[in-house]
Amino acid sequence: MASKTPTISDPRVSLPGLDLKNPIMTASGTFGYGLEYASFGKLEDLGAIVVKGLSLKPRAGNTMPRIAETPCGMLNAIGLQNIGVERFLEEKLPALPHDTTPVIANLYACDAAEFGELAAALAADERMGALEVNVSCPNVAAGGQAFGQDPKQAAAVTRAVKDAAGDKPVMVKLSPNVADITTVAKAVADAGADMLTCINTLLGMAVDLKTRRPRLANVVGGLSGPAIKPVALRCVWQVCQAVDIPVIGVGGISNATDVLEFILAGAHAVQIGTANFMRPDTVFSIVNELPILMNGYGVMTLDDLRGTLET
Ligand SMILES: Cc1cc2nc3c(=O)[nH]c(=O)nc-3n(C[C@H](O)[C@H](O)[C@H](O)COP(=O)(O)O)c2cc1C
């Protein structure tokens, strides 16, 4: 570690349409609607709060069991259970510290028109900070392949959301379950995305030898946690080489060192997911540790470090 400097490091970060106190966001689906974690730290200290994925209508999600632990990460097939956009705006958003910390809605739908309708409903609320588009839902009309696996469909969804989002920044969350993530990243950036989030979960499965059954009722699910950090870092690095818009890194981040590694690889900000399940105050402790660690490495601002990885 480089010698300490007397100056205090500044973890603030500027994104399109958003000024953050620090680069630490929560990852959608791992932090509820935010309020569930309010007793573990101050929500207003976070860079941004990304809430559970929202759909136009409430959804019950998949049959249980829908979570399975593996030795290196967790598998989930929650099936996007949520209370729907209307109840979120009425019941949850007012209680979040949206004045001081941007609240970002994560949204998903199963056709482009529905994505547009949902984006319009969220963007019309001035308390919303930004929209994050989850393109991992299968497009039933197009044979069940997820929108995010086809550059053309991902671009169509991006355009529908951008057209409906007014002046709200739009970030599109990419799936790693593709042969070349940069192809989708470029298509989505060309379609007008303001930022990209990298990455969603990796498709995996776990089986039980005793019962001879899959551990998830859905058979397959999304792998997250420490196991996917190297994949996420690789995706962030590749995507940052391919596009000019800011990238938010996510996947297996569980401490401040991980955060600085993602910034070094080119990320503007990061999201903390599964680590919140392991210790519910993780995201708050990372916020506290980050400036101290930056100081230790002589990094005064994140702009100084971003993308300086020598390859
Ligand atoms: C239980 C669970 C639910 C999730 N729900 C969503 C969701 O609704 N929308 C979304 O875009 N990503 C969702 N994700 C993916 C996470 O936001 C994140 O991209 C992924 O878990 C990788 O980060 P991590 O390794 O830090 O958890 C979910 C992940 C988990 C574990």
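Throughout what follows, the structure given in this document is the object of discussion. Because the structure is predicted, anything quoted here is derived from the model rather than measured.

Rules used throughout
Residues numbered from 1 in each chain as written. Predicted model: local features only at pLDDT ≥ 70, side-chain atom pairs only at ≥ 80, totals over all residues. Heavy atoms only, no water. Pairing = 2+ DSSP bridges. Helix = DSSP H or I, 4+ residues; strand = E, 2+ residues; numbered from the N terminus. Axes fitted to C-alpha atoms, helices over the stretch in contact; angles between N-to-C directions. Near = heavy atom within 4 Å. Polar contact = N/O pair within 3.5 Å; in protein donor to acceptor, adjacent residues only side chain to side chain. Areas by Shrake-Rupley, 256 points an atom, 1.4 Å probe, with all protein chains shown as cover. Nonpolar A, V, L, I, M, F, W, Y, C, P; charged D, E, K, R; others polar. Buried < 20%, exposed > 50% of the residue type's maximum accessible area, 1.4 Å probe, protein only. Right-handed = clockwise from strand over helix to strand, strands pointing away. Core = buried A, V, L, I, M, F, W, Y, C linked by side-chain atoms within 4.5 Å. Contact = heavy atoms within 4.5 Å. Parallel < 35°, antiparallel > 145°, perpendicular 65-115°, else oblique. Left-handed = near helix turned anticlockwise from the far one by under 90°. Arc of directions from axis to C-beta.

### Thoughts on the sheet that holds strand β5 (residues 67-70)
- Judged by pairing direction, the sheet is antiparallel, and its 4 strands sit side by side in the order β5-β6-β14-β11 without closing on themselves. Among the strands making up the open sheet, the edge pair consists of β5 and β11 (202-205). Ignoring strand direction, the axes of neighbouring strands in this sheet form an average angle of 40°.
- One ladder, built from 4 bridges, connects β11 with strand β14 (residues 220-224); its direction is antiparallel. Pairing of Leu203 across the sheet is with Gly222, part of β14.

### Looking at the site of the ligand
- By nearness alone, 24 residues border the ligand, and Ser28, Lys173, Gly225, Gly252 and Thr274 come closest of all.
- A distance of 2.7 Å is found between an oxygen atom of the ligand and a side-chain nitrogen or oxygen belonging to Lys173.
- Coverage of the ligand by the protein amounts to 95% of the 600 Å² it exposes when considered alone.
- Each residue belonging to the shell around the ligand can be placed in one class, and the counts come to 8 nonpolar, 15 polar and 1 charged.

### Observations concerning unusual backbone geometry
- Omega for the bond connecting Met64 with Pro65 falls within 30 degrees of zero, at -5°, which places this linkage in the cis form.
- Counting through the fold element by element, Pro65 comes out in the loop between β4 (49-54) and β5.
- Here the residue pair Cys198 and Ile199 is connected by a cis peptide bond, since its omega of 20° sits within 30 degrees of zero.
- Within the fold, Ile199 resides in the loop between β10 (195-198) and β11.

### Looking at the pairing of strand β15 (residues 247-250)
- The alternating pattern of β15 places Val247 and Gly249 and Ile248 and Val250 on opposite faces, both of which are buried.
- In this structure, β10 lies alongside β15, joined through 3 bridges in parallel fashion. Bridged to Cys198 within β15 is Gly249.
- When β15 meets strand β16 (residues 269-272), the two strands line up parallel, connected through 3 bridges. The partner of Ile248 across the bridge, within β16, is Ala269.
- A crossover links β15 with its parallel partner β16, the connecting element being helix α6 (residues 256-264), and its sense is right-handed.

### Let's talk about the nonpolar core
- Grouped together as the largest cluster of nonpolar side chains are 75 residues, with contacts concentrated most on Phe88, Leu122, Leu174 and Leu196.
- The residues touching Phe88, leaving out its near neighbours within four places in the chain, are Tyr33, Val51, Leu54, Ile83, Leu93, Pro94, Leu96, Val103, Leu122 and Met128.

### Points about the sheet that holds β16
- Strand order in the open sheet formed by 8 strands is β3-β16-β15-β10-β9-β8-β7-β4, and the pairing between neighbours is parallel. Each edge of the open sheet is held by one strand with a lone partner, namely β3 (24-26) and β4. On average, each strand axis in the sheet is inclined to that of its neighbour by 25°, with strand direction left out of account.
- Sheet topology note: the strand β7 (residues 103-107)/strand β8 (residues 130-134) ladder contains 4 bridges and is parallel. Paired with Asn106 across the two strands is Glu132, which belongs to β8.
- Strands β3 and β16 of the sheet are contacted by helix α8 (residues 282-296), whose axis makes an angle of about 175° with β3.

### Remarks on the packing of helix α3 (residues 151-164) against helix α4 (residues 181-190)
- It is the contact of α3 with α4, at a shortest axis distance of 8 Å, that shows an interaxial angle of 30°. Looking at the two axes, α3 sits roughly parallel to α4. α4 is crossed by α3, and the crossing has right-handed handedness. Each of Pro151, Ala154, Ala155 and Thr158 in α3 lies in contact with α4, whose residues at this interface are Thr183, Val184, Ala187 and Val188.

### Overview of helix α1 (residues 85-92)
- Every buried residue belonging to α1 is among Val85, Phe88 and Leu89, and all of these are buried. The arc that holds the buried residues of α1, viewed along the axis, is 95°, so those residues lie on one side. Set apart from the buried face of α1 by more than 90 degrees, the exposed residues are Glu86 and Glu90.
- Buried residues along α1 sit in contact with β4, β7 and α2 (112-123).

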